[in-house]
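Here are the chains, one letter per residue:
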Amino acid sequence: ADSFDHKRFFEIVGLKSKSSDDVKKVFTVMDADNSGFIEEEELKFVLKGFAKDGRDLTDKETKAFLKAADKDGDGKIGIDGIYKHLNPAVNVQVPL
């Protein structure tokens, strides 16, 4: 069943309270192909990177997560999208 809540996920893994360097490290892990973006296929497997018994996200969950963090609608999430998702009140330009 579709039970994944991306907002709760960031709270559980503690990203909301991490430094920008720590968030960049997590982003790098999620960006499996090192493209500088997290694409839909990479996002689908995100839970497996945080728990050995993590499951794949359903297509519906993946699309909802992508939509929430894809700020420019290009179908992928950049590091700035992750920061914005973690703290919507801040407009951050992140140097890579």
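What counts and what doesn't
Residues numbered from 1 in each chain as written. Predicted model: local features only at pLDDT ≥ 70, side-chain atom pairs only at ≥ 80, totals over all residues. Heavy atoms only, no water. UniProt positions renumbered as here; feature names shortened; annotations may be inferred. Phe/Tyr/Trp six-rings, centres within 6.5 Å; stacked < 30°, edge-to-face > 60°. Helix = DSSP H or I, 4+ residues; strand = E, 2+ residues; numbered from the N terminus. Lys NZ or Arg CZ within 6 Å of the ring centre and 35° of its normal. Polar contact = N/O pair within 3.5 Å; in protein donor to acceptor, adjacent residues only side chain to side chain.

- With an unreviewed UniProt entry as reference, the protein is termed Parvalbumin, source organism Xenoophorus captivus.
- The record held by UniProt for the protein lists under Function (unreviewed entry) the comment "In muscle, parvalbumin is thought to be involved in relaxation after contraction. It binds two calcium ions."
- For the protein, the Sequence similarities (unreviewed entry) comment in UniProt is given as "Belongs to the parvalbumin family."

### Looking at the packing of aromatic side chains
- Tallying each qualifying case throughout the model produces one aromatic pair.
- Between the aromatic rings of F4 and F65, the centroid separation amounts to 5.5 Å while the plane-to-plane angle is 35°, which identifies the pairing as tilted. With F4 in the segment before α1 (6–12) and F65 in helix α4 (residues 59–69), this residue pair connects regions lying 61 residues apart in the sequence.
- In this structure, K76 packs its charged tip against the face of F37, placed 4.3 Å from the ring centre.

### Brief notes about the UniProt feature "domain: EF-hand" (unreviewed entry) in the protein
- The residues that UniProt annotates with the feature "domain: EF-hand" (unreviewed entry) are residues 18–53.
- Measuring from the first to the last C-alpha atom of residues 18–53 gives 24 Å, for a span that is 44% helix and 6% strand.

### Side note on the side chain of E61
- When you line up the elements, E61 lands in helix α4.
- Of the polar contacts made by the side chain of E61, one reaches the side chain of R55; its length is 2.9 Å.
- Polar side-chain contacts of E61 include one of 2.8 Å to the backbone nitrogen of T58.

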